[in-house]
Amino acid sequence: MKKKLSFLLLFSVVPILVLSQQPDFITEKFFQDPDVRFNTPTLSIDDDRFASYDEILKWIDDSISGYPGARVEIIGTTPLGRDIPVIYLSNGSSAGKMRVWMQGLLHGNEPAGGEALLFLAHELLTTDEGSAFLDKMEIAILPVANMDGYIAMNRRSAGGYDLNRDQTKFADPVSIIIKKAYIDWQADIAFDFHEFQPTRKEFSGFGNNGASAFYDVLFLPSGYLNIPEGLRRASKEIFQAEAEQALEKHGYTHNFYFTADESGEEMILNKGAQSPHSSSTSFALSNAVSMLVETRGIGLGRTSLARRTHSSYIVARTFLESALNHKEELQRIVAEAREATIAACNEIVVLNAPSYYNTDVKFIDLETGDLLNINLKIRDAENLSPDLVRPRPAAYVLERSCRKEIEILSLLGLQVELLKKKRKQTVESFIITEYRESESEWEKIKTVSSKAEIINQRKDFPRGSYYVDLHQKNANYAVSLLEPESLNGFISYRVSMASTGDTLAIHRVIKK
């Protein structure tokens, strides 16, 4: 492995230089770096740049690979030929241990998470406190998920995809590589570290001459209702709550993650995630407790990078402490979620409706540096209500034309039976009654919104059809992707093709 990681590929690049968008007086007033020394790839460099690909691999080789508790595995290569390393950490036997997955830099221009996770990995291997964690849990760390994007300091992959919007259609090969590694790891807990852009055009009307979001860290759990309730509650009531306390202890600020929507008469902030295309939801559909963390950083270059790295590290370290302190409770919650999914008893929430409320959100006046409290309407996807509900079937039968759908379901850990002989089956079938393409292209496709009616029929399925029994651990992926109206399901993302009046090649098996 040492030879593998030290090999200097032909794709070495010019060091990455980045400009900052944060005025110095605001940095001095609100976002000074902590008195902490980091030996990580970028923060150990004196130049105003980010570590190169070769420097990152050499750092992992020098600082991680030689320790007995570490195993570094190259899980694949990017379209531009760069290795994607995952660091696996554990002491001794795996018996009774919780499995944790942590990843950073899914967006290539959000480097603090990667620095924080590398710092954490080294600490886990070199301190008594770290060893105590590894005695009780096994940890997989993917520090640079989007290596090509990172080298270009670009949010997207080399293929032009946002990898955090590619967890339904899997159009980018890197998305497939990462998801396979995650599914194979069978995580009990999963965390994804990002950075957010504090100064946005939507905030240009705040203050004297525009404003910037105030917070160091924003939290994004998932409110998606096909995730078992215990997992959703644990992400907020255990991991987010205790990480917020730790941030406050170190002088860092926090809030819920939000994006701004100016399409109506008033600005609305979107809170939370309800979409399977985002990691916090996608991870949780494997029946893991999941959280996405956003640190203030996009557009700042190396400004406040030590602060951004330290705040990300505080959250990551506290997540591990929470997992250790609540080990039995979390293991019970995860086990109950998996048992309920395997029992296939819960209804499917095909469509969700967010709740609304108003609250004060803090911003910084970019001209004066004054702190602004602005009362805004919140569209809350952490607290959803069911809008379209269906009974959960015992299984789905997919016709032979559904090869791409089956490839994705298999990638997501679903066991699929290939029918070896003709089978007559009573099913519910979908007839598309409404099918509308979006006017603009998104992630290289025009997304679809659809409606369907269900008919009951006794149907012959020929040899080579696919039978997906829902009495299995990862079945929540199937119910989230196969119902035609589902937000970001296979119809929405054009994995499954249809037109108005079509009977879908996806059928629901009625429970007896």
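Our structure is the block above this text.
Just so it is clear, the structure is predicted and the values come from calculations on it, not from any experiment.

Cut-offs and rules
Residues numbered from 1 in each chain as written. Predicted model: local features only at pLDDT ≥ 70, side-chain atom pairs only at ≥ 80, totals over all residues. Heavy atoms only, no water. Salt bridge = Lys/Arg side-chain N within 4 Å of Asp/Glu carboxyl O. Helix = DSSP H or I, 4+ residues; strand = E, 2+ residues; numbered from the N terminus. Buried < 20%, exposed > 50% of the residue type's maximum accessible area, 1.4 Å probe, protein only. Expected span 1.5 Å × (residues − 1). Polar contact = N/O pair within 3.5 Å; in protein donor to acceptor, adjacent residues only side chain to side chain. Axes fitted to C-alpha atoms, helices over the stretch in contact; angles between N-to-C directions. Parallel < 35°, antiparallel > 145°, perpendicular 65-115°, else oblique. Left-handed = near helix turned anticlockwise from the far one by under 90°. Contact = heavy atoms within 4.5 Å. 1 Å grid on protein atoms, 1.4 Å probe; cavity = no way out; pocket = protein on both sides within 12 Å on 5 of 7 lines; lining within 4 Å. Points joined across faces, edges and corners; volume = space filled by probe spheres on them. Nonpolar A, V, L, I, M, F, W, Y, C, P; charged D, E, K, R; others polar. Lys, Arg positive; Asp, Glu negative; His and termini not counted. Pairing = 2+ DSSP bridges.

### Describing the pattern of salt bridges
By the definition in use, this model includes 32 salt bridges. Measuring nitrogen to oxygen at the nearest pair gives 2.7 Å for the salt bridge that ties Arg307 to Asp216. On the criterion of sequence distance, the pair formed by Arg307 in helix H10 (residues 305-325) and Asp216 in the loop between strand E6 (211-213) and strand E7 (217-220) is long-range, its members being 91 residues apart. Asp216 carries the same exposure label as Arg307, and that label is buried. Note that Glu382 is salt-bridged to Lys236, the shortest N-O span being 3.7 Å.

### A look at unusual backbone geometry
Look at Leu105: it is not a glycine, yet its phi comes out positive at around 60 degrees. Mapped onto the elements of the fold, Leu105 is located in the loop between strand E3 (98-104) and helix H4 (112-126). One non-glycine residue with positive phi stands out, namely Asn488, at about 65 degrees. Looking at the secondary structure, you find Asn488 in the loop between helix H13 (475-482) and strand E19 (503-509). Using a relative accessible area of 7% as the deciding quantity, one classes Asn488 as buried.

### Details of helix H7 (residues 173-185)
Along an α-helix, a turn takes 3.6 residues, which lines up residues three or four apart on a common side. Between its first and last C-alpha, H7 extends 19 Å over 13 residues, near the 18 Å set by a 1.5 Å rise per residue. Considered for burial, the residues of H7 that qualify are Val174, Ser175, Ile177, Ile178, Lys179, Ala181, Tyr182, Ile183 and Trp185. At the N-terminal end of H7, a side-chain oxygen is found 2.8 Å from the backbone nitrogen of Val174, two or three residues along, and the residue is Asp172. Directly beyond the C-terminal end of H7, a positive phi value near 55 degrees is found at Gln186.

### Notes on the packing of helix H8 (residues 229-249) against helix H11 (residues 327-343)
The geometry of H8 relative to H11 is characterised by a closest axis approach of 9 Å and an angle of 160 degrees between their N-to-C directions. The pairing of H8 with H11 is recorded here as roughly antiparallel in orientation. Crossing of H8 against H11: the hand is left-handed. The residues of H11 that touch H8, namely those facing Gly230, Leu231, Ala234, Ile238 and Phe239, are Glu329, Leu330, Ile333, Val334 and Ala337.

### Regarding the layout of surface pockets
To find leftover empty space, one rolls a probe the size of a water molecule over the atoms. Considering only enclosed or pocket space, the largest pocket measures out at about 890 Å³ in volume. Arg165, Tyr257, Thr259, Asn270 and Gly272 are the residues nearest the centre of the largest pocket, which is lined by 38 residues in total. Secondary structure elements with two or more residues in the lining of the largest pocket: strand E5 (189-196), E7, strand E9 (258-261), strand E10 (268-271), strand E11 (289-296) and strand E13 (371-390). A per-element tally of the lining of the largest pocket places E9 first, with four residues. Considered class by class, the residues forming the lining of the largest pocket number 14 nonpolar, 13 polar and eleven charged.

### Concerning empty space enclosed by the protein
One pass over the full model with this rule turns up four cavities of 30 Å³ or more. By volume, the largest cavity is sized at about 90 Å³. Lining the largest cavity, in full, are Gln103, Leu106, Leu163, Asp166, Gln167, Phe170, Ser175, Ile178, Lys179, Ser279 and Phe283. Of all elements in the fold, only H7 and helix H9 (279-284) reach the threshold of two or more residues within the lining of the largest cavity. Top contributing element to the lining of the largest cavity by residue count: H7, with three residues.

### Points about the side chain of Lys97
Here Lys97 is to be found in the loop between strand E2 (83-89) and E3. Despite being buried, Lys97 has no salt bridge partner; Glu138 is the closest side chain of opposite charge, sitting 5.1 Å away. Within the structure, Lys97 has its side chain in polar contact with the backbone oxygen of Leu134 (distance 2.9 Å). With near-sequence residues (within four places) excluded, Lys97 lies in contact with Ser90, Asn91, Gly92, Leu134, Asp135, Lys136, Met137, Glu138, Asp188 and Gln331.

### Focus on the sheet that holds E10
Spatially, E6-E12-E13-E10-E9 is the arrangement adopted by the five strands of the open sheet, whose pairing is mixed. Pairing within the sheet leaves two strands with one partner each, and these edge strands are E6 and E9. The average undirected angle you get between the axes of adjacent strands in this sheet is 35 degrees. Across four bridges, E9 lies against E10 in antiparallel orientation. If you follow Thr259 over to E10, its bridge partner there is Asn270.

### With respect to the sheet that holds strand E14 (residues 395-398)
An order of E15-E18-E14-E19-E16-E17 is seen for the six strands of this open sheet, with the pairing classed as antiparallel. Where the open sheet ends on each side, the last strands, each with one partner, are strand E15 (417-418) and strand E17 (448-461). Sheet analysis places E14 next to E19, joined by four bridges and oriented antiparallel. Along E19, the bridge assignment pairs Leu398 with Ile506. Strands E14 and strand E18 (466-469) of the sheet are contacted by helix H12 (residues 403-411), whose axis makes an angle of about 35 degrees with E18. Of the strands in this sheet, E14, strand E16 (423-437) and E19 touch H13, which is tilted by about 55 degrees from E14.

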